[in-house]
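# Analysis of the macromolecular model
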Amino acid sequence: MDSTKYNVLIEKRLLTTFAQNPLKETCKLIPFDDNTQEIDHQYAEKIDGILGVIGLPLVTKCIREESFLNKMPNVKVVISLGAGTDHLNLPLLWKKGIRIATTGKINSGVTAELGFMLLMALARNLKQAMVAAASPETCLTFRQHSFGVRLLGSTLGIIGLGSVGYFVAEKAAAFKMNILYHNRTRRSQEDENKVQAKYCETIEKLLSQSDFVMLCVPLTDHTKYLIGAKELKLMKPSTVLINISRGDVVDQDALVKALQAGAIGGAALDVTTPEPLPADHPLLHMPNVIVTPHYAGGTKEVVQEINSIAVNNLLAGLKGKPMPQELKYLSHL
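This is a predicted model, so every value here is computed, not measured.

Definitions and limits used
Residues numbered from 1 in each chain as written. Predicted model: local features only at pLDDT ≥ 70, side-chain atom pairs only at ≥ 80, totals over all residues. Heavy atoms only, no water. Helix = DSSP H or I, 4+ residues; strand = E, 2+ residues; numbered from the N terminus. Rg over C-alpha atoms; globule rule 2.2 N^0.38 Å. Buried < 20%, exposed > 50% of the residue type's maximum accessible area, 1.4 Å probe, protein only. Contact = heavy atoms within 4.5 Å. Lys, Arg positive; Asp, Glu negative; His and termini not counted. Charge placed at Lys NZ, Arg CZ, Asp CG, Glu CD. Pairing = 2+ DSSP bridges. Axes fitted to C-alpha atoms, helices over the stretch in contact; angles between N-to-C directions. Salt bridge = Lys/Arg side-chain N within 4 Å of Asp/Glu carboxyl O. Phe/Tyr/Trp six-rings, centres within 6.5 Å; stacked < 30°, edge-to-face > 60°. Core = buried A, V, L, I, M, F, W, Y, C linked by side-chain atoms within 4.5 Å. Right-handed = clockwise from strand over helix to strand, strands pointing away.

### Examining the overall build of the protein chain
Each helix and strand counted, the protein chain has 15 helices and twelve strands in total. Taken over C-alpha atoms, the radius of gyration comes to 22 Å for the protein chain, in line with the 20 Å a tight globule of 333 residues would show. The 333 residues of the protein chain split such that 49% are buried. Relative to all contacts within the protein chain whose residues are 6 or more apart in sequence, the contacts with residues 24 or more apart total 64%. Each charge class in the protein chain was averaged separately, 36 positive and 32 negative side chains, and the resulting centres sit 4 Å apart.

### Details of the sheet that holds strand β11 (residues 266-269)
Across the sheet, seven strands lie side by side as β8-β7-β6-β9-β10-β11-β12; this open sheet has parallel pairing. Edge positions in the sheet fall to β8 (197-199) and β12 (289-291), since each has one partner strand and no second. Taken over all neighbouring pairs, the strand axes of this sheet differ in orientation by 20 degrees on average, direction set aside. Direction of pairing for β11 relative to β12: parallel, over a ladder of three bridges. Each bridged residue has a counterpart across the sheet, and for Leu 269 the counterpart in β12 is Val 291.

### Details of the pattern of salt bridges
Taken as a whole and assessed by the stated rule, the structure comprises ten salt bridges. Glu 66 is the partner of Lys 96 in a salt bridge, and the nearest nitrogen-oxygen pair spans 3.9 Å. One end of the pair, Lys 96, is in the loop between α6 (90-95) and β5 (99-101); the other, Glu 66, is in helix α5 (residues 66-69), with 30 residues separating them in the sequence. Looking at Glu 66, the relative accessible area reads 33%, which means it is partly exposed. With a closest N to O distance of 3.9 Å, Lys 230 and Glu 231 form a salt bridge. Lys 230 sits in the exposed class, given a relative accessible area of 55%. What you see here is one network of salt bridges that share partners, running through Glu 66, Lys 95 and Lys 96.

### Structural notes on the packing of aromatic side chains
Counting across every chain of the model gives two aromatic pairs. With 5.3 Å between their ring centres and 40 degrees between their planes, Phe 116 and Phe 175 make a pair best called tilted. Within this pair, whereas Phe 116 is found in helix α7 (residues 108-123), its partner Phe 175 is found in the loop between α10 (163-174) and β7 (178-182), the two being separated by 59 residues in sequence. You can call Phe 116 buried: its relative accessible area is 4%. Given a relative accessible area of 37%, Phe 175 falls into the partly exposed group. Relative to Tyr 199, the ring of Tyr 181 lies with its centre 5.2 Å away and its plane at 55 degrees, an arrangement referred to as tilted. Remark: Tyr 199 occurs in strand β8 and Tyr 181 occurs in strand β7; sequence separation between them is 18 residues. A residue is classified by how much of its surface remains accessible, and Tyr 181, at 0% relative accessible area, is buried.

### Brief notes about the nonpolar core
In summary, soluble globular proteins display a tendency toward joint burial of nonpolar side chains. Judged by nonpolar contacts, the single largest core of 31 residues is most densely connected at Leu 119, Leu 156, Ile 158, Val 168, Phe 212 and Ile 242. The element that contributes the greatest number of residues to this core is α7, accounting for eight residues. Excluding residues within four positions of it along the chain, Val 168 makes contact with Ala 112, Phe 116, Leu 156, Ile 158, Met 214, Cys 216 and Ile 244. Among the nonpolar cores identified, the runner-up in size contains 29 residues, and Leu 207, Val 213, Ala 258 and Leu 283 belong to it.

### Focus: the side chain of Asn 307
With respect to the helices and strands, Asn 307 occurs in helix α15 (residues 300-318). For Asn 307, the residues in contact, after removing those within four places along its chain, are Thr 17 and Phe 18.

### Quick word on unusual backbone geometry
Between Thr 273 and Pro 274 the backbone carries a cis peptide bond, its omega angle lying at -5 degrees. Note that the residue after Glu 275, namely Pro 276, is joined by a cis bond; omega there is -5 degrees. Look at Tyr 225: it is not a glycine, yet its phi comes out positive at around 55 degrees. With respect to the helices, strands and loops of the structure, Tyr 225 is situated in the loop between β9 (212-215) and α13 (229-234). Taking the relative accessible area as the measure of exposure, Tyr 225 reaches 45% and is therefore partly exposed. With phi around 50 degrees, His 294 is a residue other than glycine that occupies positive phi space.

### Side note on the pairing of strand β4 (residues 77-80)
Because side chains alternate across β4, one face comprises the buried residues Val 77 and Ile 79, and the other comprises Val 78 and Ser 80, equally buried. Bridge count for β4 against β5 is three bridges, and the pairing is parallel. Residue Val 78 lies in a different strand from β5, and its bridge partner there is Ile 100. Crossover handedness for the path β4 to α6 to β5: right-handed.

### Points about the environment of Ile 159
Within the fold, Ile 159 resides in strand β6 (residues 155-159). With a relative accessible area of 1%, Ile 159 lands in the buried category.

Here's what the structure looks like:
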């Protein structure tokens, strides 16, 4: 390996993209893919940085397992493409003196766009409508009996009014929906007034009053299975659930049971556990459920911005300089 360049472990499918930018001049890129389980021992000790995305076996090992990290004593930085940190073993990485950066909240707007698209699709029974349009008979029947609901005057409950959640609220306000929200910390009066959002001190109150519930929280120990059997029972039989956060924010087995029992009106999930779901999973075959492949945060433009941010973070970190999106050390983790 070229000793004059930084050695960076990189996901194989990103190789072409990142090989055409400033990394080419300063880094030796070592590719891996979904099937890579180990790193050749002759390379491991020379790796300076890791650039990848959540979910791949090798990335998971690199950023979660101490025994694996011990094989790479010279790693200085880990760059994750995305905003979430639930996949990172932050205490372990910080303990080893490894600096970490994500690509920040650059994709919050497009994530909210997809969330609202899913909301609208559920409101007007889009999945069923597409099936019905396949024949004149089903088309006529559908038009007579499956009107859906209008957004004007409907109530949207947003759990997590951070960056993504607030973008969702702005869109809901434009459709003159009633907006409820629950957040770890209440937003300012000015923020609330801009979108006419009302704060609910408890999730229970929000769930019982909402026609649509959208989950926009990060995955933490506190939010894992935030929505389970008890919470689903609080929702009206017509209420639909939209999840654009992380799959484990919802108890998926409880959700399936609630949907099968008709306890709630439907669900739209851009995130699931696992990803992707097995082909025979019941959520994929329910007429009132929409599942998309965890792509809310990616559009052509945003992916280009994310790549640029990742490169800037990586080069800064390798050179010992401040990284713009560096995660700050938290001693209580």
